[in-house]
Every structure is written in C-alpha cells, then in structure tokens.
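Residue-level listing of the chains:
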Number of protein chains: 2
Amino acid sequence: MRLKAIIRYDGTFFSGYQVQPKGRTVQGVIEKVLTKMHKGNHVRVTGSGRTDKGVHALGQVIHFDTELEIPPENWLRALNTMLPDDLEFVSITDVPDDFHVRYDVSEKEYRYYILNSKEKDLFRRHYTHFVKGDLDLGAMSKASQHFLGSHDFTSFCSANNDVKADKVRTITDIAIEQEEENIILRVKGTGFLYNMVRIIVGTLIDIGLGNREPEEIIEIIAARDRSKASKTAPPQGLYLWEVSYNKKSTERSPSDEMN
Amino acid sequence: MRLKAIIRYDGTFFSGYQVQPKGRTVQGVIEKVLTKMHKGNHVRVTGSGRTDKGVHALGQVIHFDTELEIPPENWLRALNTMLPDDLEFVSITDVPDDFHVRYDVSEKEYRYYILNSKEKDLFRRHYTHFVKGDLDLGAMSKASQHFLGSHDFTSFCSANNDVKADKVRTITDIAIEQEEENIILRVKGTGFLYNMVRIIVGTLIDIGLGNREPEEIIEIIAARDRSKASKTAPPQGLYLWEVSYNKKSTERSPSDEMN
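These numbers come from a predicted model, not from an experiment.

(A) A look at the pairing of strand S8 (residues 168–179) of chain B. Residues and elements named next belong to chain B. By the bridge criterion, four bridges tie strand S7 (residues 149–152) to S8 in an arrangement that is antiparallel. When the bridges of S8 are listed, Asp-152 appears paired with Val-168. In terms of strand pairing, S8 meets strand S9 (residues 182–189) through eight bridges, oriented antiparallel. In the sheet register, Glu-179 faces S9, and the bridge partner there is Asn-182. Linking two consecutive strands that pair antiparallel, namely S8 and S9, is a turn of two residues; a positive phi of about 50° is found at Glu-180 within it.

(B) Local environment of the interface of chain A and chain B. Counting from both sides, the interface comprises 18 residues of chain A and, opposite them, 18 residues of chain B. Of the roughly 1500 Å² buried between chain A and chain B on both sides combined, carbon and sulfur atoms contribute 58%. In this structure, the connection of chain A to chain B is made through six salt bridges. Close ionic contact of Asp85(B) with Arg125(A) constitutes a salt bridge, the shortest N to O distance being 3.3 Å. If you look at where chain A meets chain B, you find six residue pairs in polar contact (both at pLDDT 80 or more). Among the secondary structure elements, those contributing two or more residues to the side of chain A that touches chain B are strand S1 (2–9), strand S3 (56–65) and strand S4 (87–95) of chain A. In terms of residues, the side of chain A that touches chain B owes the most to one element, S3(A), which gives three residues. Looking at the side of chain A that touches chain B residue by residue, the classes come out as nine nonpolar, one polar and eight charged.

(C) View of the pattern of salt bridges. The full count for this structure, using the stated rule, is 24 salt bridges over all chains. Note that Glu177(B) and Arg186(B) form a salt bridge whose closest N and O atoms lie 2.9 Å from each other. Glu177(B) gets classed as partly exposed once you look at its relative accessible area, which sits at 28%. Assessed through its relative accessible area of 24%, Arg186(B) is described here as partly exposed. Counted as one network, the salt bridges with shared partners bring together Arg8(A), Glu88(A) and Glu119(B).

(D) Inspection of the packing of helix H1 (residues 26–37) of chain B against helix H2 (residues 72–82) of chain B at higher detail. Residue and element names in this part refer to chain B. Contact geometry of H1 with H2 gives a least axis separation of 10 Å together with a crossing angle of 120°. By the criterion of interaxial angle, the relationship of H1 to H2 is oblique. Helix-helix and strand crossings are classified by hand; for H1 and H2 the assignment is right-handed. From H1, Val-33, Leu-34, Lys-36 and Met-37 reach across to H2, where they touch Trp-75, Ala-78, Leu-79 and Met-82.

(E) Spatial organisation of the confidence of the model for chain A. Mean pLDDT over chain A works out to 93, with 95% of the residues at or above the 70 mark. Here residues 254–259 of chain A is modelled with pLDDT under 50, and outside its nearest four sequence neighbours on either side it reaches three contacts, counting other chains as well.

(F) Layout of the UniProt feature "active site" (unreviewed entry) in chain A. UniProt's entry tags Asp52(A) with the feature "active site" (unreviewed entry), counted in the numbering of this structure. Locating Asp52(A) in the fold gives a position in the loop between strand S2 (46–47) and S3.

(G) Fine view of the side chain of His129(B). Residues and elements named next belong to chain B. Within the secondary structure, His-129 sits in strand S6 (residues 129–131). Its relative accessible area of 16% is what places His-129 among the buried residues. Those residues within four positions of His-129 in sequence are excluded, and the remaining contacts are Tyr-112, Tyr-113, Ile-114, Leu-115, Ile-205, Pro-234, Gln-236 and Gly-237.

(H) View of the relation of the copies chain A and chain B. When chain A is fitted to chain B, the residual RMSD is 0.0 Å, and the transformation amounts to a turn of 180° plus an axial shift of 0.0 Å. On this basis, the relationship between the two copies can be described by a two-fold rotation axis. Ranked by how close their C-alpha atoms come to the rotation axis, the residues of chain A are headed by Arg124(A), at 4.8 Å. The overlap is high: 100% of the interface residues of chain A also sit at the interface in chain B, so the same surface is used on both sides.

(I) Just the UniProt feature "binding site: substrate" (unreviewed entry) in chain A, in detail. All names here are of chain A. When the UniProt feature table is mapped onto this chain numbering, "binding site: substrate" (unreviewed entry) sits at Tyr-110. Positionally, Tyr-110 belongs in strand S5 (residues 105–116). If we skip the residues at most four places from it in the chain, Tyr-110 touches Arg-50, Leu-185, Arg-186, Val-187, Phe-192, Val-197, Leu-238, Tyr-239, Leu-240 and Trp-241.

Rules used throughout
Residues numbered from 1 in each chain as written. Chains lettered and ligands numbered in written order. Predicted model: local features only at pLDDT ≥ 70, side-chain atom pairs only at ≥ 80, totals over all residues. Heavy atoms only, no water. Pairing = 2+ DSSP bridges. Helix = DSSP H or I, 4+ residues; strand = E, 2+ residues; numbered from the N terminus. Contact = heavy atoms within 4.5 Å. Buried area = accessible area lost by both parts, 1.4 Å probe. Salt bridge = Lys/Arg side-chain N within 4 Å of Asp/Glu carboxyl O. Polar contact = N/O pair within 3.5 Å; in protein donor to acceptor, adjacent residues only side chain to side chain. Nonpolar A, V, L, I, M, F, W, Y, C, P; charged D, E, K, R; others polar. Buried < 20%, exposed > 50% of the residue type's maximum accessible area, 1.4 Å probe, protein only. Axes fitted to C-alpha atoms, helices over the stretch in contact; angles between N-to-C directions. Parallel < 35°, antiparallel > 145°, perpendicular 65-115°, else oblique. Left-handed = near helix turned anticlockwise from the far one by under 90°. pLDDT = per-residue confidence, 0-100. UniProt positions renumbered as here; feature names shortened; annotations may be inferred. Least-squares fit on C-alpha atoms with pLDDT ≥ 70 in both.

This is the structure:
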C-alpha cells in the first residue's frame, strides 16, 4: 500500500530535507521512525523535492510504501508521537500504487517572509529574513510580474554542473503583500530550479531598496547568466507552502481498492 | 565606572540566566565576552533577577563595572558583534557607582503568551504555551484581579528550603488580553517569588478551562500551601518584559560625573 503524507517542519535544525552521509535530515528522521515501526525493515521515503538547510515547510509532501495495516488516523498519531518536536505529520492518506510524489506534482507554492523594520527581531531570526532599509513594495510588485509565465530561469538557478538540463520553468502566480512589518512573497509554479525562489527574492530586495530597476528583470532573465541576478536570499525566510497534485493521480480507482 | 544595560534573549538554548557549573547561561556568555574585552580580567555581571531555562527576556537589566573608556554607543556595537545571535544588548548607559540592578528595582513586568487554538504551531513551540481547549477569558480575567495588592504568595512559589523567607509580594497591575489566537497575561509587581508567574498562569489556565472557579484564588492564596495552586505553566511562554527603577537611582549626580 502506498501512503501519501503532508508534513510540516521547522528547518532550523535540519541539514535540509534529503538524506546525506552527515547531519540530521527530514528524510532521515522520518525513515528512522518508519523503519522502527516496520521492525527494522528499512522504509524508503520519497519527497516532492528537496529543501535546503534552514528552509521550512508547511506543506511538504512525501510518499512511502508499507504492508502494515493501520488506519490513516492511527498512522498520524503513531508517527507524531515518535517524531521530534520540529517535524510533524499533518495528514496521511492512501493513494494508488502508481502515484509519485515528485513526478505527479502539478504545482508548488513557496512563500518568503521578509521582516522589514528598524530593528531585528531576535525571536524571529530563524523564521524571517531581516531587511533594514525601507523596501518599495510597488517597485517589487511591478518587477515580480516579469517572472510570470514560462522562461529559461538559468539566471535564477545556483550554478551546477548539469549545464545541459532544461532550465525552462513556468511561474503561474506571484504576489507581494505587506502584513504589518512583514513583506511576504507568494509564488506558484509548475516547478522550480535550485535556489530559484531565493535568487528571485534576493533580486526583488535589491529592487525594493532602489539598487536596481523593476525592468531589469527582463534583461536578467534574457541573459541566462546567474551573475546577472542578485545575491541568493538566506534560507530562514523560505517556506515550502503547498504542493498540488491532479486529483486523478491521488484518487484510488475502484480496482486499486480491491488490491 | 558602573554601566547599566538592557538586554534581550531567546531563552530556548540557555540553561537560564544565572551562571552554573554546567550549561550555557546568559550571565556566563556575557561575562565571557566582557572578560575578553578586558584582556582576560574577569568581569562580573549582576542581573535584576534570574530567569529559568527556556524563559525569554525583552527587558532584562544587568550592571557591571569597567575601567575601559568607551562611549556607550561603541559598547553596544562591540558587544553585539561578539555575542551570539540569541542574545543582544538593547541599550547601555552609565549609572552612579551605588546603583544596583537588583536592590534598586521598583517594578518588574512579565508577560506570558498562551496559544489557544485548535492546532499547535510548530514554529512557535519555543515561544508560546499551547492550550487546546477553549479558554474562558472572562473567568481568567475575573480570577486574575484577586492577585492584585500585597499577599503572602507561598501558594504560588515553588517549594524551597528557605521556609522562613518573607513570601509577601505586591502585584500592582494584572491584565489578560486576547490578540487573535494568543492569550497574553501581563503582570506587574514590586517583586516575584520563584516560579510565581508560571504558577499563577497554570492556575488561571485551569480556571479558563472550567476546572476551577475564579473565586478559588482567594482560598488558594489564604492557604499558603503550594499544593493548593495548579501546575506550573511551562517556561517557553514567559517573557521578562521590563524592569523599572526609580529615576534617582539611575541618574548620575553632577559629582558622580566628575569622577
């Protein structure tokens, strides 16, 4: 049986989502707990995508296969009892065996929280990115609209070796809002490149501070050159907010249910 | 020269304010940095009072003596550069040599944050106390008024060996407010016993949940018996908000300034 779960985590003390030789990871912590529940038989967990060290998630989605016959609500209670307090399962449902949490994604939403105030907030240092100077929301909002649609986002992707990989991605919605001293970027797309949201945010901050013009986004995208965009914004302001799937991929057909 | 400083800290990763043989403490971290600035000569720091492991402070006050001739604004920059990111100096001023940060306190304010919602908030687990059931704000508010004035607060003090010490304290102001899903207790007094605010909060929560009646506060106070009050509320919701001093104790007289 394949199970799909929505999970939340505070990324502060994880070395990112994906298992790695050293460091505490989200995947590693979940696999350890699941393996314990399966009497030592290793359970492999697949995520909708990676998040970096310090990046948070309110709606990360994972899947795993199990032969245990436990009702979903009991799964939730059992897992949350065993998991540490910076990681929790929000929901768990059974899905068709061919559902894939990464391949079947239809859309992802990220949000980025900027604290734009005169003073740092010690208590939010792990949860927002503090920017001191006054940000011009209008300029940032205007600039953000240039990201909409399908573009080659090479300029907004951390350099990696795989130069031949397709860097075209589609942004379906982007908005910047202010809530008291917080400036929040919401961005939805069918997929994102490595560090793409954080480089977009870094560039929008430069525009908000008046260091660059909103129209420069058009040139930066066209250049397909990472060095043309601004600095990558730090991880602590970033939240993987929601991952969406086509309904049909997550619904078990009558025949599936007879398995 | 005696300096008075207002400091803020996130208590999550401190084993409390006061230096102890093991564990990272607020006083310990500050003394280490000051001692480094004084070329290895140990600088002793005195606080307005202790805070426990996990308790936060927005307005803790300390004093220390120094022979370094550094303008206050440079002190601030130097210290904040050397301190870790969960501890900061908000202000630093010179005071008369006979000013004492603990003996000269005129009033202290604590606040306690309760998250009263259907679901826990992973991202605020270190900064609020989560209470699931609906709290009756009216009952809590009514109950809180019985704490006003001078009382023997033995029932609201964690048991300790010093049974003969005077347990009479004066609460000058107490209020309970709701801000969205947060219920905030503000309490001011001339002094507080060990765990006094957290036992008051624990008892008010019991009243808010309907487990006890507001009028019971009168009997609990009169009993002078810790076992009559409710459980101590956990530390993460508590903030030492402000410590006040009589103006004369913090103002240097003309003759002091000539020292």
